[in-house]
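Chain by chain, the residues run as shown.
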Amino acid sequence: MKADISELCRVVDGWRESPMMMVGSGGSYSVASFAAQMHELMEGETAKAVTPLEIISGPTTNAGIACFSASGRNRDIGVAFKAAAQREFLPLSALVLKDESPLHALGRRFQYADIVDFQSESFKDGFLAVASLVASSVLILRAYQASGFDSEELPSSLEELMHQIICGWSAEDIASQAKDLCLNRTVSLLFTNSLRATSVDLESRFVEAGLGNLHAADLRNFGHGRHFWMHKHKASTGIVCLVGDGMEQLATKTLEALPREIPRLRIDFRGPRHLQAIAGIVAGLHLSLGAGEASKIDPAKPGVPEFGRRLYRIGPMLPAESQKELNLNAALARKGVNLSGADKETWFEHYSSAINFVRDASIQGLVMDYDGTLSDDRDRFKVGLRPKVAEELNRLLEGGLPIGIATGRGPSAGVSLRSSIKRELWGRVLVGYYNGAVISSLSDDRDPLLDELDAVDPMLEELRKGTFLSSCEIRANTKQISIKFRRRRDVSRAVSEIREALRLGGLDKQVVISSHSVDVLIGGQSKLKLVEELCNYAKIDSGAVLRIGDRADPVGNDFQLLDHPLGLSVDRASEDPKTGWALAPAGIRGVQATVFYLERLAKLEEAWAMAIKPSDRGLTN
């Protein structure tokens, strides 16, 4: 399994920020269970496997969502993905073992989401999706290992994995023993935590292929009543006990307590728990093979009855909700409004007023943020803007709209903008580098590269004393100090230590959060200075300048810029009911929302107007 997993690593790195719901249906539910287990084992974050219906009909939560579908054609998964996108679960992603599918089409519609695909002939599935289960599980494990800087190499083959992790068992032995045990018996499957995904997969295979009856419980839940089945059916029951997590003693005592006449098959696992989990998946496939031989059913070709096909074709049913309602709910959620406890009618009036104000405004200028607005993390290290963004900027400039672009970056922003904007239009663009500390025309290609701050500067020394900050990447010049850290969830810890360091140093400096760092502004700069410069340059009123950014929240680096009725966010909105709204349609965020806003700008006689309405779907880009 040597596939390039760099894109999957980037996506899994995003999962690390939050609890996760792993969504699967049928065979992919086993993949979802394995992914949930990896999230808990490797990240220590809560995760659970859920079905598509649990997403479609369940509440919106703070959990991220990852969908799994080998073909990308599973209709239930598709509807769950769409429902999650419209309710803006973050992060939202899908893993597909095809290079084009209906899930890819949904990914293009909701571009803030990530679709990661892999394609190989070795991923082709039979009825019970054995190949995709193993392939997906290995890919997920590799990505978690890589994103967690786990340098331990996986065994080079499944045979080696089994040899290392499963004590004294070959694949053939497992299948043979399972055949004997399952013959005319109900299987009572006992397991420890690292083998949980295996229990889910075994239960699914026994039911979906009709291999036999199987009851599953972990070793202690079994001790609380589920053993009663054996009391009534000991002659027709066999035990399969999967033991990992160092629970050998518990397993031994449990099995010793059960009637001796009940046949049992105990398989012990050793080594790292994430390897136990994937070895369990492989062992479970051989257990299924043995059960199939006992029942004379080929697990890969059990046959599908006509009523089964009818059931599949019923498909999912997404509750009816108008685009207007979806957009309103999304806009309020971006403002952090708790929909269950909010005065929705009052907030609806604020929302309508915000849309009306923007729609009726005579716009004479435009100031935009760069990272997170014109370019997102996926494009961060590329030179140039996405074609649609560049197309819209060139259209507006050619129409005569003065544009300012504010960025926390230095020269790299100028280089990127010049590669996307037509040369003859450079003179119509002002760039505010280092969050507005240095403002110059895009036509001036002497992009400012500020001197580094003295390494012994008292402020830097104070920051580096921080327990957490000392482990972060700190870049400093004479206008700002940027602190980068690996996990976004560490942002509050970083901000807390920065503020404490500034307090101890007696320094009063503004601290802002961007899409990729926390910045200390030491030059007194502000993105509002770019608005001022643009107004002076174009002889326009600041009240007629449309502002677009991605962080309108109070600690965001666009807060001051977007604290205005013409301030629009493409991501986080402010809590103020009159300013900093994110008015793009439900599921449209980030750069796609920027394009949505820009596409709706049209030139009238003397000014520009934005044609925006509550029922917009945002499907033209």
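An account of the accompanying structure is given in this report.

Calculation rules
Note on numbering: residues in each chain are counted from 1, in written sequence order. The model is predicted, so local features are restricted to residues of pLDDT at least 70 and side-chain atom pairs to those at 80 or more, both for listing and for counting; the totals for chains, interfaces and linings are taken over all residues. Hydrogen atoms and water are omitted, and side-chain values are computed over all heavy atoms in the structure. Note on terminology: a nonpolar core comprises buried Ala, Val, Leu, Ile, Met, Phe, Trp, Tyr and Cys residues joined through side-chain atoms within 4.5 Å. Per-residue accessibility, obtained with a 1.4 Å probe over protein chains only, is compared with the maximum for each type, and a residue is labelled buried under 20%, exposed over 50%, and partly exposed between these values. Here, residues are in contact when the closest pair of their heavy atoms is within 4.5 Å. What counts as a helix is a DSSP run of H or I of at least four residues, what counts as a strand is a run of E of at least two, and both are numbered from the N terminus. In the analysis that follows, any N or O atom pair within 3.5 Å is treated as a polar contact, provided that within protein one partner can donate a hydrogen and the other can accept it, and provided that, for residues neighboring in sequence, both atoms belong to side chains. A pair of strands counts as paired when DSSP detects no fewer than two bridges linking them. Note on handedness: a crossover is taken as right-handed if, strands pointing away from the viewer, the path from the first strand over the helix to the second is clockwise. Axis definition: a line fitted to C-alpha atoms, limited for helices to the stretch in contact. Angles are taken between N-to-C directions and run from 0 to 180 degrees. Angles below 35 degrees are treated as roughly parallel, those above 145 as roughly antiparallel, those between 65 and 115 as roughly perpendicular, and all remaining angles as oblique. Nonpolar residues are Ala, Val, Leu, Ile, Met, Phe, Trp, Tyr, Cys and Pro. Charged residues are Asp, Glu, Lys and Arg, and all others, Gly as well, are polar. Expected helix span is taken as 1.5 Å per residue step, with the number of steps being one fewer than the number of residues. When a carboxyl oxygen of Asp or Glu lies within 4 Å of a side-chain nitrogen of Lys or Arg, that pair is called a salt bridge. Under the pairing criterion, centres of Phe, Tyr and Trp rings, with the six-membered ring standing for Trp, must be within 6.5 Å; the plane angle then separates stacked pairs below 30 degrees from edge-to-face pairs above 60, leaving the rest tilted. Should the NZ of a Lys or the CZ of an Arg lie within 6 Å of a ring centre and within 35 degrees of the ring normal, that charge is described as sitting over the ring.

## Focus: the nonpolar core
Of all hydrophobic cores here, the largest spans 67 residues; its most connected members are M22, F68 and L242. Excluding residues that lie within four positions of it along the chain, F68 makes contacts with W15, M22, V23, G24, S28, V31, A32, A35, I77, L95 and I140. If you look at the next biggest cluster of nonpolar residues, it comprises 53 residues, including L332, V358, Y434 and L450.

## Digging into the side chain of S194
With respect to the helices, strands and loops of the structure, S194 is situated in the loop between β6 (186-191) and α9 (196-208). A residue is classified by how much of its surface remains accessible, and S194, at 0% relative accessible area, is buried. Only 2.9 Å separates the side chain of S194 from the side chain of Q276, close enough to count as a polar contact. Those residues within four positions of S194 in sequence are excluded, and the remaining contacts are Q37, G244, D245, R273, Q276 and A277.

## With respect to the environment of A354
You can see A354 is positioned in helix α16 (residues 344-360). Its relative accessible area of 10% is what places A354 among the buried residues. Expressed as a C-alpha distance, the spacing of A354 and I166, which sit 188 residues apart in the sequence, is 62 Å. With residues up to four places along the chain from it excluded, the contact list for A354 reads W581 and L583.

## Side note on the side chain of T198
Position of T198 relative to the elements: it lies in helix α9. Of the residues examined, T198 reaches a relative accessible area of 1% and is grouped as buried. Setting aside chain neighbours within four positions, we find T198 in contact with L242, A277, G280, I281 and G284.

## What to know about the pairing of strand β1 (residues 20-23)
Where burial is concerned, the two faces of β1 agree: the one with M20 and M22 and the one with M21 and V23 are both buried. Taken together, the four bridges between β1 and strand β3 (residues 64-69) define a ladder with parallel strand orientation. Paired with M20 across the two strands is G64, which belongs to β3. As a crossover connection, the stretch from β1 through helix α2 (residues 28-43) into strand β2 (residues 47-50) is right-handed.

## Quick notes on unusual backbone geometry
Cis peptide bonds are those with omega within 30 degrees of zero, and the linkage from L90 to P91 qualifies with -10°. The residue P91 is located in the loop between α4 (75-86) and β4 (92-96) in this model. Residue Y434 is not a glycine yet carries a positive backbone phi of 50°. Note that Y434 resides in the loop between β12 (429-433) and β13 (438-441). Phi at K539 is positive, roughly 55°, even though this residue is not glycine. With respect to the helices and strands, the residue K539 is situated in the loop between α21 (528-538) and β18 (545-551).

## Topic: the packing of α2 against α9
For the pair α2 and α9, interaxial distance at closest approach is 8 Å and the crossing angle is 170°. In terms of orientation, α2 and α9 fall into the roughly antiparallel class. Where α2 approaches α9, its residues Y29, S30, S33, F34 and Q37 are matched on the opposing element by R196, A197, V200, D201 and S204. A per-class count over the contact of α2 with α9 returns four nonpolar, four polar and two charged.

## With respect to the environment of R547
Relative to the helices and strands, R547 is located in strand β18. Linking R547 and A209, residues 338 residues apart in sequence, is a C-alpha distance of 58 Å. Those residues in contact with R547 that sit more than four places away from it in its chain are V367, L528, V531, S542, L561, L562, H564, L566, G567 and L568. Within polar-contact distance, the side chain of R547 engages the backbone oxygen of V545 at 2.8 Å.

## Some points on helix α13 (residues 273-295)
Across its 23 residues, α13 extends 32 Å between first and last C-alpha, which sits within 8% of the 33 Å expected from 1.5 Å per residue. Of all 23 residues that make up α13, 18 are buried, and the element is covered over most of its length. A positive phi of about 60° marks K296, the residue just after α13.

## Re the pattern of salt bridges
Under the defined criterion, the tally for this structure stands at 34 salt bridges. Linking E392 and R395 is a salt bridge whose minimum nitrogen-to-oxygen distance equals 2.9 Å. Of the two residues, E392 and R395 both sit in helix α17 (residues 387-398), three residues apart, roughly one turn of that helix. When its relative accessible area of 5% is taken as the criterion, E392 is described as buried. For K613, the salt bridge goes to D616, with nearest N and O atoms at 3.3 Å.

## Describing the packing of aromatic side chains
Taken as a whole and judged by the stated rule, the model has five aromatic pairs. On the numbers, 6.1 Å between centres and 55° between planes, the contact of W15 with Y144 is tilted. With W15 in helix α1 (residues 6-15) and Y144 in helix α6 (residues 130-147), the pair connects residues that are 129 residues apart, well separated along the chain. Aromatic pair W347 and W581: ring centres 6.0 Å apart, planes at 65°, arrangement edge-to-face. Of the two residues, W347 is situated in helix α16 and W581 in the loop between β19 (567-572) and α23 (590-599); the sequence distance between them amounts to 234 residues. Taking the relative accessible area as the measure of exposure, W347 reaches 17% and is therefore buried. We note K335 situated over the ring of W581; from NZ or CZ to the ring centre the distance is 4.7 Å. The residue whose ring lies beneath R418 is W426, and the NZ or CZ to ring-centre distance is 5.8 Å.

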